[in-house]
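If you want the building blocks of each chain, they are given just below.
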Amino acid sequence: MKPSLNRPLNRSLNRSRILPAHIGRVLFGVAAFLLLSAQSCDPIIEDSGFDIWCDGEPCRWEVEQGDVAQAPTWHKRDHGVELLGDPAAISQLQMESHITVDCIRFDLLADIEETASVVLEMDFYDDGEVEFSQIIPTSDWAPLSYVVTPPAKFEMIRFRIRKTGSGRAVLADITAEDTRCTNVAAPRRDMP
Amino acid sequence: MNRLVICTIFMLGAALVAGPGQVDAQEIAHRSTAHAHALVVGSNPGGQGQETLRYAEDDAARVARVLSELGGYEAKRVRLVTRPTPERLLQEIAAVGDALAAAPAEESVFFFYYSGHARANAINLGEHELDLATLRQKILDLPAGLKVIVLDACQSGAFSRVKGAEPAADFSFNSVNRLNATGVAVMASSSASELSQESETLKSSFFTHYLLVALRGAGDSNRDGRVSIDEAYRYAYHATLASTARTQVGSQHVMLETELEGKGEITLTYPARADARLRLPGPVVGEVLVQDWPSNAVIAEIQKAGGTPVDVALPHGAYRVLVRGTDAVEQCDITLPGGRVTRLRLAACTTLFHSAALAKGAPGSGQLTATTAPDRWAEISPGRRWAVELGAGVFVPVYDDYTQRLDDFDFSESWDLPPRAGIGLASQVAPRVEIVGELTTLEQRRYIRSIESGEQEFSWSVLGLAVHARGVLDLTRWFSVYAQVGGGLAAGRTEFVDTDESIDTESHIGFVLGAAAGIRIQPWQRLAFQAQLGYDHAPVIDNLLDDVHASGGVNSVLGVRVGF
């Protein structure tokens, strides 16, 4: 049984806010702080912003296919990773014995052209079997969020971002945090 | 202090020649409107030994204007001639005669005005002279039932030359005697032994100035909406005498001699028909100076007595009114709309000087023997147009696509106090209207992001250089409200500080639009305090993703204003 994609979240907020929105923002921030302080939200992915580079590659990521390059995002000094080639793939293996989470929330920030197809994959046991696969839609730096229900217990996850097609695909940020599966109705994956 | 040009001003008044019987004001009014012609002549140049006059031609222009505005003369029938030769002047008189011939003599009016140099028996037209007898005869021969003849003629030169000298025989005095015809009325600015003066502050001769003030309504003592030649004379006599008595040259006594057997009142102007009128209410007491704005040209100076309102007929427009009472000098900037009477509200005026300041020799105080009343006004009026304004306050940050993008990329705002500061230069360009040039900090923001390798900081600041048009409404003598709108240039600078402390800066240029409203408390003459609430819109800063940030936003500023 595959882990279920419970709900895609659109983090795009109303971007025309001034004073009233600001007040609402503060109130929301306070509420969010109180809520999140009662939850665990430890980051699962390292260097989620592709900020650390070693010899032309993001240090914390493994280039499996194709090539990568730094690419400016909103500012010329803020870089994301551009997936070069068709196909191209980067991945990161998280091997932690204590990984016991309810759900995993992904927040993505990417710029993907229509002629490119980018897929986020999760291989929970790094056994080559992709338990979760989510196509990242074409976007122009619009934040996207997904909540995934993982297996009840696992020891490792390989996160992989795979790109096919000739179009441009730049990822600026991909964070994964454990979160509670509040209102998530889908069942967890059974133990193997 | 005025530069006094000593001259002899002569006035020949009105000559009414008509058949026997009572001529009432309505008939005069009808006659003036129907067949009224005027020839108004001004000539500044003097002959040999005479200094060039400064305001004779301007006086003529003003007389022509008043005749058209208030005298019932059609503009096309008011001939304004400057610096004519004797031949040209006689031709003009003849041309008027031709025009008058088309109407019955008993229904026609002719008004003649001359301002310039003259000697005892002739007027000086530059280097040429026109014999008085010839001029008189030409005028008397005109086929007009009513002839109003005004001659404003200087005889002598500069003050230093006439000091201690005996003036020549008075032209107007001679004229009165020589125009010995039935129906002649002569109003002369001075007696045979007196000199008259021009005023640099008034930009006019004293007598013509006060005559015009009278004709604009200040002379309407019986408040019937008309100014008769008698009323104009009485007003001009007192005002001219009062002003010239303070000068070193000496007093002028206006003369009026008439021969109006069986005639009624001669109405010269109808202020009630004016385009706009300024009403000085009964409680206003003191010297009242009305200046055109922004030229500061003196339109009227009135010694206002208490109890009776006085209406001054003026073209619609903007004026500055100064009222010198016993305790203070009030300044009132006022706009007169057309077609109505506007009442002067002292409560809305600004107090320039209190009695204490006046007693200490502040501008406007002191002995009056060495200067003229208008000079005193002149020392008060200017110098209040400029002010420096300093302000500081806070603004409410604007959140938009740009800041949202920073949020998306995990930046968090650093909550420093968002200050706003500015310096401005304000100039009053019209009553209740100021132009303000202002340099202001529109925004200063800072965002921080933590990544594995350290902390990144992104900040920006925006300055605006804008010009605002500000309308000011004085509610009391010390309290005003204002509103302003404007725009200008804005410059922004962004700074990206990376984890390795390297800094990347970018500059941006754009525009700023702004509006604000505020209150002004002015407890002292030159110092005021302001509180202002405004909004600025400066879309200057952008990013690689074409998000544009509108700097500015709602702001609140407290400021101080220093006039100079």
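It should be noted that the structure appears before, not after, this text.
On a predicted model such as this, the values are computed, not experimentally measured, just so you know. (Residues numbered from 1 in each chain as written. Chains lettered and ligands numbered in written order. Predicted model: local features only at pLDDT ≥ 70, side-chain atom pairs only at ≥ 80, totals over all residues. Heavy atoms only, no water.)

Colleague: Run through the overall build of chain A, naming residues and quoting values.
Modeller: The number of helices and strands found in chain A is one helix and 12 strands. The N-to-C order of helical and strand elements in chain A reads β-α-β-β-β-β-β-β-β-β-β-β-β. The buried share of chain A, reckoned over its 192 residues, is 47%. Across chain A, every contact between residues at least 6 apart in sequence was considered, and the portion connecting residues at least 24 apart equals 78%. Put simply, chain A shows about 9,300 Å² of open surface, and 53% of that area lies on carbon and sulfur atoms. (Helix = DSSP H or I, 4+ residues; strand = E, 2+ residues; numbered from the N terminus. Buried < 20%, exposed > 50% of the residue type's maximum accessible area, 1.4 Å probe, protein only. Contact = heavy atoms within 4.5 Å. Areas by Shrake-Rupley, 256 points an atom, 1.4 Å probe, with all protein chains shown as cover.)

Colleague: Break down the overall build of chain B for me, citing the residues and quoting the values.
Modeller: Scanning chain B from N- to C-terminus turns up 11 helices and 31 strands. Residues counted as buried form 57% of the 564 residues belonging to chain B. In chain B, once contacts between residues fewer than 6 apart in sequence are set aside, the share between residues at least 24 apart is 72%. When the accessible surface of chain B is summed, it comes to about 22,000 Å², and 55% of that surface belongs to carbon and sulfur atoms.

Colleague: Summarise the environment of Arg 420 of chain B; cite the residues concerned and give the values.
Modeller: All names here are of chain B. With respect to the helices and strands, Arg 420 occurs in strand E25 (residues 419-430). It is 5.5 Å that separates the C-alpha atoms of Arg 420 and Ala 392, two residues lying 28 residues apart in sequence. Discounting chain neighbours no more than four positions away, the residues touching Arg 420 are Gly 391, Ala 392, Gly 393, Val 394, Phe 395, Thr 440, Thr 441, Leu 442, Asp 536, Asn 555 and Val 557.

Colleague: Tell me about the interface of chain B and chain A, and please be specific about residues and values.
Modeller: Counting residues at the interface gives 30 residues for chain B and 27 residues for chain A. When the buried area of chain B at its contact with chain A is split by residue, Tyr 399, Phe 409 and Glu 452 of chain B rank highest and sum to 23% of it. Applying the counting rule to chain B against chain A returns five salt bridges. Across the salt bridge formed by Arg 449 of chain B and Asp 78 of chain A, the nearest N and O atoms sit 2.2 Å from each other. Put simply, chain B and chain A have seven residue pairs in polar contact (both at pLDDT 80 or more) between them. Elements represented by at least two residues in the side of chain B that touches chain A include exactly helix H11 (401-408), strand E26 (433-451), strand E27 (454-474) and strand E29 (503-521) of chain B. Top element by residues in the side of chain B that touches chain A is H11 of chain B. It accounts for six residues. Residue composition of the side of chain B that touches chain A, grouped by class: 13 nonpolar, five polar and 12 charged. (Buried area = accessible area lost by both parts, 1.4 Å probe. Salt bridge = Lys/Arg side-chain N within 4 Å of Asp/Glu carboxyl O. Polar contact = N/O pair within 3.5 Å; in protein donor to acceptor, adjacent residues only side chain to side chain. Nonpolar A, V, L, I, M, F, W, Y, C, P; charged D, E, K, R; others polar.)

Colleague: Lay out helix H3 (residues 86-100) of chain B with the relevant residues and their values.
Modeller: All names here are of chain B. The end-to-end C-alpha separation of H3 is 21 Å, in line with the 21 Å expected for 15 residues at 1.5 Å each. Inspection of H3 places Pro 86, Leu 89, Glu 92, Ile 93, Val 96, Gly 97 and Leu 100 among the buried residues, and these make up the whole buried set. Within H3, the buried residues cover an arc of 145° as seen down the axis, which keeps them to one side. Across from the buried face of H3, at angles greater than 90 degrees, the exposed residues are Glu 87, Gln 91 and Asp 98. Where the residues of H3 are buried, they touch strand E3 (36-42), strand E4 (78-82), strand E5 (109-119), strand E6 (122-125), strand E7 (128-131) and helix H4 (132-140). (Expected span 1.5 Å × (residues − 1). Arc of directions from axis to C-beta.)

Colleague: Requested: an account of the pairing of strand E20 (residues 328-336) of chain B, with residues and values cited.
Modeller: Residue and element names in this part refer to chain B. Among the nine residues in E20, eight count as buried, and that is most of the element. By the bridge criterion, eight bridges tie strand E19 (residues 317-324) to E20 in an arrangement that is antiparallel. Paired with Arg 324 across the two strands is Val 329, which belongs to E20. (Pairing = 2+ DSSP bridges.)

Colleague: So, the side chain of Asp 173 of chain A: which residues are in play, and what are the values?
Modeller: Assignment of secondary structure puts Asp 173 of chain A in strand E12 (residues 169-179). Assessed through its relative accessible area of 9%, Asp 173 of chain A is described here as buried. Within the structure, the side chain of Asp 173 of chain A is placed 3.5 Å from the side chain of Ser 48 of chain A, a separation counted as a polar contact. In this view, Asp 173 of chain A contacts Ser 48, Gly 49, Phe 50, Asp 107, Leu 108 and Leu 109 of chain A together with Asp 410 of chain B; residues no more than four positions away in its chain are not counted.

Colleague: Pulling in residues and values, what's your account of the side chain of Thr 342 of chain B?
Modeller: Note on placement: Thr 342 of chain B falls in strand E21 (residues 340-343). With sequence-adjacent residues up to four places away left out, Thr 342 of chain B is seen in contact with Arg 277, Leu 278, Arg 279, Ile 334, Thr 335, Leu 336 and Pro 337 of chain B.

Colleague: Outline the sheet that holds strand E15 (residues 276-280) of chain B, supporting the account with residue identities and numerical values.
Modeller: Within a sheet, neighbouring strands are paired by backbone hydrogen bonds and run either parallel or antiparallel to one another. Residues and elements named next belong to chain B. Strand order in this open sheet of three strands is E18-E15-E21, and the pairing throughout is mixed. For this open sheet the edge positions go to strand E18 (310-314) and E21, each flanked by a neighbour on one side alone. On average, each strand axis in the sheet is inclined to that of its neighbour by 30°, with strand direction left out of account. Pairing between E15 and E18: five bridges, direction antiparallel. Residue pairing in the sheet places Leu 280 in a bridge with Val 310 of E18. (Axes fitted to C-alpha atoms, helices over the stretch in contact; angles between N-to-C directions.)

Colleague: Pulling in residues and values, what's your account of the state of the cysteines?
Modeller: Think of a disulfide as a covalent bridge from one cysteine sulfur atom to another cysteine sulfur atom. Residue and element names in this part refer to chain A. Taken as a whole and assessed by the stated rule, the structure comprises one disulfide over all chains. The disulfide that involves Cys 54 links it to Cys 59, with 1.7 Å between the sulfurs. Its torsion about the S-S bond being 100°, the disulfide of Cys 54 and Cys 59 is classed as right-handed. A residue is classified by how much of its surface remains accessible, and Cys 54, at 40% relative accessible area, is partly exposed. For Cys 59, a relative accessible area of 23% gives the class partly exposed. (Disulfide = S-S within 2.5 Å.)

Colleague: Any chance you could break down the packing of aromatic side chains for me, citing the residues and the numbers?
Modeller: Residue and element names in this part refer to chain B. Evaluation of the coordinates by the stated rule reveals 17 aromatic pairs over all chains. Pairing Tyr 402 with Trp 460 gives two aromatic rings, centres 5.4 Å apart and planes at 85°, and the pair type is edge-to-face. Residue Tyr 402 is located in helix H11, and its partner Trp 460 is located in strand E27; the two are separated by 58 residues in the primary sequence. We note that Tyr 402, like Trp 460, is buried. (Phe/Tyr/Trp six-rings, centres within 6.5 Å; stacked < 30°, edge-to-face > 60°.)

Colleague: Outline unusual backbone geometry, listing residues and values.
Modeller: The step from Asp 86 of chain A to Pro 87 of chain A runs through a cis peptide bond, and the omega angle for that step is 5°. One can find Pro 87 of chain A in strand E5 (residues 79-95). Located in the positive-phi region is Asp 47 of chain A, a residue other than glycine, with phi close to 45°. On the secondary structure map, Asp 47 of chain A appears in the loop between helix H1 (19-37) and strand E2 (53-54). Residue Asp 546 of chain B is not a glycine yet carries a positive backbone phi of 65°. As for its placement among the helices and strands, Asp 546 of chain B is situated in the loop between strand E30 (527-542) and strand E31 (548-563).

Colleague: Run through a nonpolar patch on the surface, naming residues and quoting values.
Modeller: Residues and elements named next belong to chain B. On the surface, Trp 386, Val 388, Leu 390, Ile 423, Leu 425, Leu 439, Leu 463, Leu 465 and Phe 564 cluster together to form a nonpolar patch covering roughly 790 Å² of accessible area. At the level of secondary structure, the elements contributing two or more residues to the nonpolar patch comprise strand E23 (386-395), E25 and E27. Considering every element that reaches the nonpolar patch, the biggest residue donor is E23, with three residues. For Val 388, the position within the fold is in strand E23. Judged by its relative accessible area of 30%, Val 388 is partly exposed. (Patch = residues over 30% accessible without salt bridge, like charges linked within 9 Å, V, L, I, M, F, W, Y side chains within 5 Å.)

Bear in mind that shape data such as this cannot, by itself, settle questions of function.
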